[in-house]
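# An overview of the molecular structure
The chain contents come next:
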Amino acid sequence: MKIHPDVIGIDVSKMVLDVYEGRCGTWRQIGNDDKAIEAFVDGLAGLGVLVVLEATGLYDRKLRRALSAAGVRFTRVNPERARSFARATGLLAKTDKVDARMLAAFGTRLDCRLEPAPDPDREALNEANRRRDQLVAMRQQEKNRLADGSEGWQESIRRMIEAFDREIATCEATIRDLVRSRAELRRLEALLRSIPGIGPVAATTLLALMPELGRLSPKQIAALAGRLSAGAPAGNAVRDHAAPGRGFPCPDKACCARSVAPNRRGVSPVPEPPSANPRP
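Description of the structure in this document.

### Looking at the packing of helix α3 (residues 79-89) against helix α4 (residues 96-109)
- Two numbers describe how α3 lies on α4: the axes approach to 10 Å, and their chain directions differ by 90°. Classed by the angle they form, the pair α3 and α4 counts as roughly perpendicular. For the pair formed by α3 and α4, the contact residues are Arg81, Ala82, Arg83, Phe85 and Ala86 on the first element and Asp99, Met102, Leu103, Ala105, Phe106 and Arg109 on the second.
- A class-by-class count of the residues in the contact of α3 with α4 yields seven nonpolar, no polar and four charged.

Structure (C-alpha cells):
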C-alpha cells in the first residue's frame, strides 16, 4: 500500500512511540517522554507533514502538546475506526510497527479532521473530572465494605467515607471554579443544564471529555460519544448502528444518565423512534 510522503503514523503506548514516516518508508521507536518527543517534533517543523495517531487518552498528551506548540498538523483517530480500516485493507497483524504503518495509510486514504490546539482549561477540567470519578469509585467500594464488613471495622470505614466525601467536594469546587472562569464553558454548561435530566455532574463530564460540543453536528457528537456511527441512517440508528466512540466510558455514561434521570424526576424522556419492524 502506497503511503503519502507527507503522512506520519504514530502508535502510542505508555513508554514508547512507534513512528512510521511515509517520506522515507521507515519505522523507528522513540521514548514517550518530553526530551525524546521534543527532539522528534523539532525535526518535523516546517515540513508540512500530517501526523496521525490513535486517541489513547493520557498517553498521547505530551505528543499532542509538542505537535501543537511546533505548529505541526495532527489528527487523532478513533481506535475502532482504525481497526475497521485495518481489517478492510488486510493489515490484520496487531503489532506496534504494523499499527504505525496502518495509521499512516489511514491518513493517506481518508480525510482526517485536524485536531485543534490543546486548551489548558479544558485539560484541567478533564483532569479534575477524572479525579472526581476515581474518588467516587473508591468511596463506593468503602460503602460496599460498610455493608459487608464486621462490626469492629465499621468506624474505620465510615472515617474513610467521610474523607472521600471531603475530597470529592474539593474536586467539585475546583470543577465549578474552572467552568465559571470561562464564558464559553459557562454558556455551554447552562445550555446542557437546560436539558431535562442533565445535572451538574453530567454537564461537566460532557464539557471535560467532549470539547467538540458546540462545534460539530448532533450526529457527529453522537458518534464521538459512541451512541451512533457517523453517517448512520435515521430511525433505528441508535440501536442498530451504535459504535464505540473514543474508547472512554465516561461520555457514554453521561449520555445514558440523560435517559435515566428524567424518569426519576417525573419528566418524560425523549421517546425512542418507532421501530421499523415492531415485535409482535
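### Some points on α4
- Taking 1.5 Å per residue, 14 residues should reach 20 Å; α4 reaches 20 Å between its end C-alpha atoms and fits that length.
- The set of residues buried in α4 consists of Asp99, Ala100, Met102, Leu103, Ala104, Ala105, Phe106 and Gly107.
- Contacts from the buried residues of α4 go to β1 (7-12), β2 (16-21), β3 (26-31), β4 (50-54), β5 (73-77) and α3.

### Digging into a negative patch on the surface
- Judged by side-chain charge, Asp33, Asp34, Glu38 and Asp42 come together as a negatively charged surface patch.
- Residue position: glutamate 38 is located in helix α1 (residues 34-42).

### Observations regarding the pattern of salt bridges
- According to the stated counting rule, one finds 14 salt bridges in the structure shown.
- A salt bridge links glutamate 21 to arginine 28; the shortest N-O distance between them is 3.0 Å.
- For glutamate 21, a relative accessible area of 14% gives the class buried.
- Of the residues examined, arginine 28 reaches a relative accessible area of 35% and is grouped as partly exposed.
- Residues glutamate 172 and arginine 132 are paired through a salt bridge, measuring 2.9 Å at the closest nitrogen-oxygen approach. Residue glutamate 172 is found in helix α6 (residues 154-180), and its partner arginine 132 is found in helix α5 (residues 120-148); the two are separated by 40 residues along the sequence.
- A relative accessible area of 25% means that glutamate 172 is categorised as partly exposed.
- Overlapping salt bridges bring together Asp60, Arg64, Arg65, Arg76 and Glu123 as one network.

### Focus: the side chain of arginine 64
- Along the chain, arginine 64 falls in helix α2 (residues 61-70).
- The class of arginine 64 is buried, set by a relative accessible area of 14%.
- Residues contacting arginine 64, with those up to four places away along its chain left out, are Gly57, Phe74, Arg76, Pro118 and Glu123.

### A closer look at the side chain of arginine 132
- The buried category is assigned to arginine 132, whose relative accessible area is 12%.
- The contacts of arginine 132, once residues within four sequence positions are left out, are Ile168, Cys171, Glu172, Ile175 and Val201.

### Topic: the pairing of β4
- Burial analysis of β4 places five of its five residues in the buried class, which makes it a mostly covered element.
- Of the two faces of β4, the one holding Leu50, Val52 and Glu54 and the one holding Val51 and Leu53 are both buried throughout.
- Running through α2, the crossover from β4 to the neighbouring parallel element β5 is right-handed.

### Notes on the packing of α1 against α2
- Axis separation between α1 and α2 bottoms out at 10 Å; the angle between their running directions is 35°. The two elements α1 and α2 cross, and the hand of that crossing is right-handed. Contacts between α1 and α2 involve Asp34, Ile37 and Val41 from the former and Lys62, Leu63, Ala66, Leu67 and Ala70 from the latter.
- For the contact of α1 with α2, the per-class residue count stands at six nonpolar, no polar and two charged.

### As for the sheet that holds β3
- Read across the sheet, five strands follow the order β3-β2-β1-β4-β5 without closing on themselves; strand pairing throughout is mixed. Only two strands of the sheet have a single neighbouring strand rather than two, namely β3 and β5. The sheet shows a mean angle of 25° between the axes of neighbouring strands, direction not considered.
- Sheet topology note: the β1/β4 ladder contains four bridges and is parallel. In the strand pairing of β4, glycine 9 is matched with valine 52.
- With respect to the sheet, α4 is in contact with β1, β2, β3, β4 and β5, its orientation differing from that of β1 by roughly 140°.

### Re the nonpolar core
- Grouped together as the largest cluster of nonpolar side chains are 18 residues, with contacts concentrated most on Leu125, Leu192, Ile198, Leu206, Leu207 and Leu213.
- Among the secondary structure elements, those contributing two or more residues to this core are α5, α6, α7 (183-193) and α8 (200-209).
- Counting 17 residues, the second largest nonpolar core, distinct from the first, contains Leu17, Val49, Val51 and Leu63.

The rules behind the values
Once a new chain begins, its residue numbering starts again from 1 and follows that chain's sequence as written. The predicted origin of the model limits local features to residues at a pLDDT of at least 70 and limits the giving and counting of side-chain atom pairs to 80 or more, whereas totals for whole chains, interfaces and linings rest on all residues. In computing side-chain properties, one takes all heavy atoms of the structure into account and sets aside hydrogens as well as water. Note on definitions: angles span 0 to 180 degrees between N-to-C directions of axes, and those axes are lines fitted to C-alpha atoms, for helices only across the stretch in contact. Going along the chain from the N terminus, every DSSP run of H or I of four or more residues is numbered as a helix, and every run of E of two or more is numbered as a strand. Should an angle fall under 35 degrees it is called roughly parallel, over 145 degrees roughly antiparallel, and 65 to 115 degrees roughly perpendicular, with every other angle called oblique. Residue contacts are counted whenever heavy atoms from the two residues lie within 4.5 Å of one another. Note on residue categories: nonpolar means Ala, Val, Leu, Ile, Met, Phe, Trp, Tyr, Cys or Pro, charged means Asp, Glu, Lys or Arg, and polar means any other residue, Gly included. What a helix should span is 1.5 Å times the count of its residues minus one. Using a 1.4 Å probe on the protein chains alone, a residue whose accessible area is under 20% of its type maximum counts as buried, one over 50% counts as exposed, and one in between counts as partly exposed. Residues with no salt bridge and a relative accessible area higher than 30% make up the patches, which join like charges within 9 Å and nonpolar side chains (Val, Leu, Ile, Met, Phe, Trp, Tyr) within 5 Å. Under the convention used here, a 1.4 Å probe and the Shrake-Rupley method define accessible areas, while residue burial counts only the protein chains that appear. By definition, a salt bridge exists where a carboxyl oxygen of Asp or Glu is found within 4 Å of a side-chain nitrogen of Lys or Arg. Two residue types count as positive, namely Lys and Arg, and two as negative, namely Asp and Glu; His and chain ends fall outside the count. Note that the charge is assigned to NZ on lysines, CZ on arginines, CG on aspartates and CD on glutamates. If you view a crossover with the strands going away from you and the path from the first strand over the helix to the second runs clockwise, you call it right-handed. In this scheme the crossing of two helices becomes right-handed for a clockwise turn of the near helix relative to the far one and left-handed for an anticlockwise turn of less than a right angle. Only strands that DSSP links by at least two bridges are regarded as paired with each other. Note on terminology: a nonpolar core comprises buried Ala, Val, Leu, Ile, Met, Phe, Trp, Tyr and Cys residues joined through side-chain atoms within 4.5 Å.

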